[in-house]
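# Summary of structural features
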Amino acid sequence: MTGLVVCVVVLALATTFGLLRAGRDGRMRVSTEDGTVLLSEAELGGPLGARATLVQFSTVFCQPCRATRRVLAEVAGMVDGVEHVEVDAEERLELVRRLGVRRTPTVLVLDADGRVVRRAAGQPRKADVIAAVGRAVLGRAV
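Opposite charge on two side chains makes pairing possible when the charged atoms of those side chains draw close. This model, assessed by the stated rule, comprises 7 salt bridges. Residue Glu 94 is joined to Arg 92 by a salt bridge in which the shortest nitrogen-to-oxygen separation is 3.3 Å. Across the pair Asp 128 and Arg 125 runs a salt bridge, and its minimum N-O distance is 3.0 Å. What you see here is one network of salt bridges that share partners, running through Asp 111, Asp 113 and Arg 115.

Attention now moves to the pairing of strand 2 (residues 82-88). Sheet topology note: the strand 1 (residues 52-58)/strand 2 ladder contains 7 bridges and is parallel. Opposite Phe 57, over in strand 2, you have Val 87 as the bridge partner. Between the parallel elements strand 1 and strand 2, the chain passes through helix 3 (residues 63-78) in a crossover that is right-handed.

Before going further, it helps to examine the confidence of the model for the chain. Within the chain, residue pLDDT values average 84, and 82% of them lie at 70 or more. Taken element by element, the chain is modelled with least confidence in helix 1 (residues 2-24), mean pLDDT 67, and with most confidence in strand 1, mean pLDDT 95.

Leu 39, Leu 44, Val 55, Phe 57, Leu 99, Leu 108 and Leu 110 are the most contacted members of the largest nonpolar core, which has 15 residues in total. Among the elements that take part in this core, helix 4 (residues 93-99) stands out by supplying 3 residues, more than any other. In contact with Leu 110, other than residues within four places in its own chain, are Leu 39, Leu 44, Leu 48, Ala 52, Thr 53, Val 55, Arg 115, Val 116 and Ala 136. If you look at the next biggest cluster of nonpolar residues, it comprises 14 residues, including Leu 54, Ala 76, Val 117 and Val 133.

The next subject is the side chain of Thr 53. Its location among the elements puts Thr 53 in strand 1. A distance of 2.8 Å separates a polar side-chain atom of Thr 53 from the backbone nitrogen of Gly 49. In this view, Thr 53 contacts Pro 47, Leu 48, Glu 83, Val 85, Leu 108, Val 109 and Leu 110; residues no more than four positions away in its chain are not counted.

Turning to a nonpolar patch on the surface, a few remarks are in order. A cluster of nonpolar side chains, Met 1, Leu 4, Val 5, Val 9 and Leu 13, forms an exposed patch at the surface whose accessible area comes to about 560 Å². Examined against the element boundaries, Leu 13 turns out to sit in helix 1. Relative accessible area serves as the criterion here: at 57%, Leu 13 is assigned to the exposed category.

Sheet architecture is open: 4 strands sit in the order 2-1-3-4, paired in mixed fashion. Across the chains shown, the open sheet's two edge strands, defined by having one partner strand only, are strand 2 and strand 4 (116-121). Neighbouring strand axes in the sheet, compared pairwise and without regard to direction, differ in orientation by 15° on average. Two elements, strand 3 (residues 106-111) and strand 4, share 5 bridges in a ladder whose sense is antiparallel. From the neighbouring strand, Val 107 faces strand 4, where its bridge partner is Ala 120. Strands in contact with helix 3 are strand 1, strand 2 and strand 3; relative to strand 1, the strand with the most contacts, it is inclined by about 170°.

Thresholds applied
Residues numbered from 1 in each chain as written. Predicted model: local features only at pLDDT ≥ 70, side-chain atom pairs only at ≥ 80, totals over all residues. Heavy atoms only, no water. Salt bridge = Lys/Arg side-chain N within 4 Å of Asp/Glu carboxyl O. Pairing = 2+ DSSP bridges. Helix = DSSP H or I, 4+ residues; strand = E, 2+ residues; numbered from the N terminus. Right-handed = clockwise from strand over helix to strand, strands pointing away. pLDDT = per-residue confidence, 0-100. Core = buried A, V, L, I, M, F, W, Y, C linked by side-chain atoms within 4.5 Å. Buried < 20%, exposed > 50% of the residue type's maximum accessible area, 1.4 Å probe, protein only. Contact = heavy atoms within 4.5 Å. Polar contact = N/O pair within 3.5 Å; in protein donor to acceptor, adjacent residues only side chain to side chain. Patch = residues over 30% accessible without salt bridge, like charges linked within 9 Å, V, L, I, M, F, W, Y side chains within 5 Å. Areas by Shrake-Rupley, 256 points an atom, 1.4 Å probe, with all protein chains shown as cover. Axes fitted to C-alpha atoms, helices over the stretch in contact; angles between N-to-C directions.

As structure tokens, this is what we get:
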């Protein structure tokens, strides 16, 4: 009987964790340290956009990174002055640590100055990326 109770408790905890993670996955948010972090072209290894930059941290074996790459490239192509820069997380560990990237894909939305205004861990929805770019272009970090 004790084994059955332990199984039920473990199953309930795993289900709760999975539901919480699914609810947060890919959501654009503002972190407390965001807004104070400035990134340069040299750090990213690619050009900053005149209006906003979409930075994607990826790894070679990350399956959701491919879909995220497509979404970010589409959004960057829709809005003039927006660039998409992909960073290999394995090659840029110092930057990954500095920015607190814990999983891939992680997407950062930068304003024209290179300031982080939004971030998403996991694959973001296209509509959320468009809204985050709008906030970055308008200069509102809220």
